[in-house]
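Residue-level structure breakdown
Each chain, letter by letter, is given below.
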Amino acid sequence: MACALKRFIVKTDTTRLYDGILQKTPAVLHKCISKRFIQFNFYPEKPPEGEGETTRMNLCQAINNALHISLTKDPSAIVFGEDVAFGGVFRCTLDLQKKFGKDRVFNSPLCEQGIVGFGIGCAVTGATAIAEIQFADYIFPAFDQLVNEAAKYRYRSGNTFNCGKLTVRASWGAVGHGAVYHSQSPEAFFTHAAGLKVVIPRGPIKAKGLLLACIKDEDPCIFFEPKVMYRAAVEEVPVKEYTLPLGKADVLVKGDAITLVGWGTQVHVLLEVAAMVKEQLKVQCEVIDLVTINPWDVDTVCNSVKKTGRVIVAHEAPLTSGFASEIAAVIQEECFLHLEAPIQRVTGFDTPFPHVYEPFYLPDKWRCFDIIKKTLTY
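The paragraphs below set out a description of the structure included in this document. In this text, all values refer to a predicted model and were calculated from it rather than measured experimentally.

1. Observations regarding the overall build of the protein chain
Broken down by element type, the protein chain carries 14 helices and 16 strands. A burial count over the protein chain gives 56% of its 378 residues as buried.

Following this line, the structure appears as structure tokens:
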């Protein structure tokens, strides 16, 4: 695994890659890989127009604020999960139990299947159920409940019953030192289940509006929160209640040379790459945040690709069967005659998520920049 990852190491003035062999001393290499961090720059956005007063919030506070609004305005709303009573491991539910009581914000047993199963039951009987899975990596014990029960409840009952009032939150993605069990990106697993919506915000403004939209939506939603941005991402967030549309991608930067598609943390990597490409290669990339992974905005992505003729999709999850594969397949079907180069994917590798090799595993700006150069000159 080390050899495979070394081939993709960042190129710097002191590092050169010749035929896949790293020309660097072991001591310097060890120092490099021992520095466990996620290297990206967060690009804050302006608050939506017409939403009134704003206040400075990080991603964690924006989520807490959305939960506070839901609990205040909906007397049937409940928040539950492992350790949520004292705020959870990331403190996204901090002080909610103090304000709304133990009947509405409470800890669950350490059993993800039980958490989601309980949420389905509450939602079916009319409550607004907001469940927390501490880490997306631990959502798999609840896979059966989500895919075979929540996703199919409305269909198999002929719309007599549904659990559309269920929202499952989970921290998601690389954190800098999470390794095998705390840095995974499992969104693609759930996009195969008709009936579930999967949403990943890129910052605090999107997080609040999208979470409130998920809680109000008529279908069960899985809301993945990029954990590395809980405190690193700060924006001026509207104080009042607002929702943002599900199933609608955002074109963050307009361009005509190549389309870059990502979600969550990767959006900020692509924004930085687009700036590098503009400065160094003198062309303009179009950057799209997919926002909702299921259902995803086919029209926005395909219209962009028809304009640019080139596309790169980047995500942290492994390459094989990652959601970039679905996007690539649809683009191939819808935009084939417009393509000027093969569709490219920049992703994690087909290995368990590493620890000290995490900086090499992630699709950072240098890997993306390298693929963009090759695609533009194809």
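2. Points about helix H10 (residues 266–280)
In this model, H10 (15 residues) spans 21 Å end to end at C-alpha, consistent with the 21 Å of a helix rising 1.5 Å per residue. Counted residue by residue, H10 has eleven buried out of 15 residues, so it is predominantly covered. Buried within H10 we find Gln266, Val267, His268, Val269, Leu270, Leu271, Glu272, Val273, Ala274, Met276 and Val277. Among the residues trailing H10, Lys282 stands out with phi positive, at a value near 60 degrees.

3. Remarks on the packing of helix H5 (residues 112–124) against helix H6 (residues 143–150)
Between H5 and H6, the shortest axis-to-axis distance is 8 Å and the interhelical angle comes to 25 degrees. When the axis of H5 is compared with that of H6, the two are roughly parallel. For the pair formed by H5 and H6, the contact residues are Gln113, Val116, Gly117 and Ile120 on the first element and Gln145, Leu146, Glu149 and Ala150 on the second. Tallied by class, the residues present in the contact of H5 with H6 amount to four nonpolar, three polar and one charged.

4. Things to note about the sheet that holds strand S9 (residues 221–226)
By definition, the strands of a sheet pair up through backbone hydrogen bonds, in either a parallel or an antiparallel sense. Pairing within the open sheet is mixed, and its seven strands lie in the order S5-S4-S6-S7-S9-S8-S14. Either end of the sheet is taken by a strand with one partner, and the two such strands are strand S5 (105–107) and strand S14 (292–294). Here the average twist between neighbouring strands, direction ignored, is 20 degrees. When strand S4 (residues 77–81) meets S5, the two strands line up parallel, connected through three bridges. Each residue of the ladder has a partner; that of Gly81, found in S5, is Asn107. Lying on the sheet, helix H3 (residues 59–73) is in contact with S4, S5, strand S6 (128–135), strand S7 (166–172) and S9; it crosses S4 at an angle near 135 degrees.

5. Digging into the packing of aromatic side chains
Evaluated as defined, the whole model comprises 16 aromatic pairs. When the centroid spacing of 6.4 Å and the interplanar angle of 85 degrees are considered together, the rings of Phe135 and Tyr138 count as edge-to-face. Phe135 gets classed as buried once you look at its relative accessible area, which sits at 13%. The partly exposed category is assigned to Tyr138, whose relative accessible area is 31%. Cluster of aromatic residues (ring-pair linked, three or more members): Phe90, Phe135, Tyr138, Tyr181 and Tyr230. Across from the ring centre of Tyr153, 5.1 Å away, lies the NZ or CZ of Arg156, which sits over that ring.

6. Regarding the environment of Gly178
The residue Gly178 is located in the loop between S7 and helix H8 (187–191) in this model. For the pair Gly178 and Glu358, spaced 180 residues apart in sequence, the C-alpha to C-alpha distance is 8.9 Å. For Gly178, the residues in contact, after removing those within four places along its chain, are Ser183 and Glu358.

7. Focus on the sheet that holds strand S13 (residues 285–289)
The strand order S11-S13-S12-S15-S16 describes an open sheet built from five strands, whose pairing is mixed. Strand pairing shows two members of the sheet lacking a second neighbour, strand S11 (250–253) and strand S16 (344–348), which therefore form its edges. Strand-to-strand twist in this sheet, taken as the mean axis angle between neighbours without regard to direction, amounts to 25 degrees. Pairing of strand S15 (residues 311–318) with S16, which is carried by four bridges, proceeds in the parallel orientation. Note that in S16 the partner of Ile312 across the bridge is Gln344. In the packing of helix H14 (residues 365–376) onto the sheet, the strands contacted are strand S12 (258–262), S15 and S16, and the crossing angle to S16 comes to about 165 degrees.

8. Regarding the pattern of salt bridges
Applying the stated criterion across every chain yields a total of 18 salt bridges. The residue Glu51 makes a salt bridge to Lys240 at a minimum N-O spacing of 3.7 Å. Residue Glu51 is found in the loop between helix H2 (26–34) and strand S3 (54–58), and its partner Lys240 is found in the loop between strand S10 (234–238) and S11; the two are separated by 189 residues along the sequence. In this structure, a network of salt bridges that share partners links the residues Glu45, Arg202, Lys206, Asp250 and Asp289.

Cut-offs and rules
Residues numbered from 1 in each chain as written. Predicted model: local features only at pLDDT ≥ 70, side-chain atom pairs only at ≥ 80, totals over all residues. Heavy atoms only, no water. Helix = DSSP H or I, 4+ residues; strand = E, 2+ residues; numbered from the N terminus. Buried < 20%, exposed > 50% of the residue type's maximum accessible area, 1.4 Å probe, protein only. Expected span 1.5 Å × (residues − 1). Axes fitted to C-alpha atoms, helices over the stretch in contact; angles between N-to-C directions. Parallel < 35°, antiparallel > 145°, perpendicular 65-115°, else oblique. Contact = heavy atoms within 4.5 Å. Nonpolar A, V, L, I, M, F, W, Y, C, P; charged D, E, K, R; others polar. Pairing = 2+ DSSP bridges. Phe/Tyr/Trp six-rings, centres within 6.5 Å; stacked < 30°, edge-to-face > 60°. Lys NZ or Arg CZ within 6 Å of the ring centre and 35° of its normal. Salt bridge = Lys/Arg side-chain N within 4 Å of Asp/Glu carboxyl O.

Structural measurements only, silent on function.
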